[in-house]
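# Fold and geometry: a report
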Amino acid sequence: MVESSNKRLAIKAEGLVKRFDENILAVNGIDLTIEANTIFALLGPNGAGKTTTINMLTTLLAPTEGSASVAGFDVIKQANEVRNAIGVTFQETTLDDELTGRQALDFHARLYGMSKDQRTAKIRELLALVELEEAADRTISTYSGGMKRRLELIRGLMTDPEVLFLDEPTLGLDPQSRARIGDYIVELKEKHGMSVLLTTHYMDEAEKLSDRVAIIDHGKILTEGTPSELVEQMGADVITIIGHGNREEFVSKINDLPCCETVTSGNGLVQIGVDSGSKHLVEVISQANQSDFVVDDISVAKPSLGDVFLKFTGRQFRD
Amino acid sequence: MSAAITLWNKHMVKSLRNSMEMSSMLIQPVLWVVLFGVGMGSLLGPNMPGGQDFYITFMLPGIIALTASGGAIGGGSTWLNERLQGIVKEYLAAPIPRLSILMGNALSTVSKGLVQSLVILIVGLIVGANMTTNPLGWLGALLLVSAFTLGFAGIALAMASSTDNTGAYHAMIMLLNLPLLFLSNALYPLETMPTWMRIGALINPTTYVVTGLRYLLIVNGTELARVEAIPLWLCFLVIAIFAILGMWLASRRFKKSLN
Ligand SMILES: Nc1ncnc2c1ncn2[C@@H]1O[C@H](COP(=O)(O)OP(=O)(O)OP(=O)(O)O)[C@@H](O)[C@H]1O
Ligand SMILES: [Mg+2]
């Protein structure tokens, strides 16, 4: 019974902890439940613990504490079954420069026991997807950074994985390549029922691709939901203020106002979520004047995932 | 096993494509035989029981052992490179036994070592080493060399798993390689050594591979080898244990490097 209910989950993690040495707590108790056939984005600043989490879920690292299953298999007790069911694109390149692109893909598929015919067909299909056909028989050392990234991405897709892990998959890609890869990932999900866990530093990408998003910092998940749920928490509008002076007093005054749902302050920015930006703008400015806070710049906008990110991590989405 | 063969295949494809590696792999043992063998032969020859030509015959097994250990060092640095470049992550995420990753590397090291050994034997014949052409002798010799290479490859892989620094790896392994060659009967007979050195040579696996090769390859080798008072079966036994210990050490250090 437990087995069959787990099967419907792509990923389940409970109390996952990873400690390096004595005092580096890279992942500090992560719980994740990711349904099959969803694209799930893990967002967080540098050093938040995203890669470490992926390394544990992909069986590369043993968790210090906690447990996890991927595609219904336990990452420790059934590591080989997990490996059989997943595809991974790591954050840092893991390509062997001395092989040709085609050799790299073929070799990878052989590790998974794919037959010659399957390999040939899949390689042709995927090379076409990322427009690497012409470069396929050159050694990888002659590829540009973006070409290597594209090759690495399709390598993870060679084996038609049930669960795909993508650690910053589109880092260093031009907009067209990003868009194509994004479309293909969505297609894989929709047509083949694949589940995807990805990390990204592109907020538009996270918002567009993912069904659900979690924000992670200091090894903990701070919030989780669909992109629109998270954005709606922010209020209908966000007033963003850059200024100097007595910020603390200003923030506490704003906090006391009934109109304002969220106040965040970090990196010299103050963000206020309100039900209607134009209605409360004057009020906010007058609070600033009363608290010796000089407003240098003020704007009203619809909130985005980036604002949610800022609220939870105190950092801009791309810093 | 099939994963080990896939990995072996990858390493071989890479080496065959690399013309610099290939040519140095083939030329180096030839240079050893020709320069060192002939040079030392004319220096030491008059003192050798069989005269000048005999020194080449005498030291040929040592050159095979030396080349095998050189190949093992190369296998270790391939492994270290794969670790440092993150290539290992691809293997670790794949549904293959962890041990097959090491086996693939060791197998390719052994294969290259076998090719080199054959080259040395052929060059040896050409420059006039007094060698048998008995195929059984050659087969036994290649088997012995393979096991020796495996053992040394294990040590190299263990060291390459224990450090993240290419310079440190080479420094450590050279420190080990030197006594393995010189503290053995590869270049001079046991009986002419001072006692402390003979004891060192007797606990050195190189002595056993060299002695075994003399039994198997050299005309009247039994006579020559018997001087050392080491029977042939002991050579095979010691080298088999060496191979197993080496691979055991490698897999231990490898597992440790994963966390
Ligand atoms: N092998 C390791 N040994 C020691 N500390 C490590 C190791 N790997 C990661 N860390 C530490 O764990 C923390 C989380 O790192 P991780 O790579 O998971 O972050 P991340 O969220 O992927 O960041 P980024 O966006 O920069 O990729 C960091 O503080 C990092 O220094
Ligand atoms: Mg990372």
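Our next topic: the side chain of B:Thr57. Residues and elements named next belong to chain B. By the element assignment, Thr 57 lies in helix α3 (residues 52–84). Classification of Thr 57 by relative accessible area gives buried; the value is 2%. In this structure the side chain of Thr 57 is engaged in a polar contact, spanning 3.0 Å, whose partner is the backbone nitrogen of Asn 130. With residues up to four places along the chain from it excluded, the contact list for Thr 57 reads Ala 129, Asn 130 and Ile 218.

A word on the sheet that holds strand β1 (residues 9–20) of chain A. Residues and elements named next belong to chain A. Spatial strand order, β2-β1-β4-β5: four strands in an open sheet with antiparallel pairing. With one partner strand each, in any of the chains shown, β2 (24–35) and β5 (73–74) form the two edges of the open sheet. Of the pairings in the sheet, the one linking β1 to β2 comprises nine bridges and is antiparallel in character. By the bridge assignment, Leu 9 is partnered in β2 with Glu 35. Helix-sheet contacts for helix α2 (residues 50–57) involve β1, β2 and β4 (65–70), and the interaxial angle to β1 is about 115 degrees.

As a further point, take the coordination of the magnesium ion (ligand 2). Residue and element names in this part refer to chain A. In this structure, Thr 51 (OG1) and Gln 91 (OE1) serve as the protein donors to the magnesium ion (ligand 2), at separations of 1.9 to 2.1 Å. Of this pair, Thr 51 sits in helix α2 while Gln 91 sits in the loop between β6 (86–89) and α4 (101–111), and the two are 40 residues apart along the sequence. Classification of Thr 51 by relative accessible area gives partly exposed; the value is 27%.

To continue, consider the interface of chain B and chain A. Taken together, the contact between chain B and chain A spans 23 residues of the former and 26 residues of the latter. Inspection of the region where chain B meets chain A yields three salt bridges. Taken together, the elements giving at least two residues each to the side of chain B that touches chain A come down to α1 (2–17) and α4 (87–92) of chain B. Residues of the side of chain B that touches chain A, tallied by class, amount to 10 nonpolar, six polar and seven charged.

What follows deals with the packing of aromatic side chains. Under the counting rule described, the total for this entry stands at five aromatic pairs over all chains. Each ring, one from A:Phe107 and one from B:Tyr91, has its centre 6.1 Å from the other, and the planes form 80 degrees; the classification is edge-to-face. Pair noted here: A:Phe107 is in helix α4 and B:Tyr91 is in helix α4, and the two residues belong to different chains. The exposure class of A:Phe107 is buried, given its relative accessible area of 6%.

Cut-off values and rules
Residues numbered from 1 in each chain as written. Chains lettered and ligands numbered in written order. Predicted model: local features only at pLDDT ≥ 70, side-chain atom pairs only at ≥ 80, totals over all residues. Heavy atoms only, no water. Helix = DSSP H or I, 4+ residues; strand = E, 2+ residues; numbered from the N terminus. Buried < 20%, exposed > 50% of the residue type's maximum accessible area, 1.4 Å probe, protein only. Polar contact = N/O pair within 3.5 Å; in protein donor to acceptor, adjacent residues only side chain to side chain. Contact = heavy atoms within 4.5 Å. Pairing = 2+ DSSP bridges. Axes fitted to C-alpha atoms, helices over the stretch in contact; angles between N-to-C directions. Donors = N, O, S within 2.8 Å, 3.2 Å for Na, K, Ca; no water. Salt bridge = Lys/Arg side-chain N within 4 Å of Asp/Glu carboxyl O. Nonpolar A, V, L, I, M, F, W, Y, C, P; charged D, E, K, R; others polar. Phe/Tyr/Trp six-rings, centres within 6.5 Å; stacked < 30°, edge-to-face > 60°.

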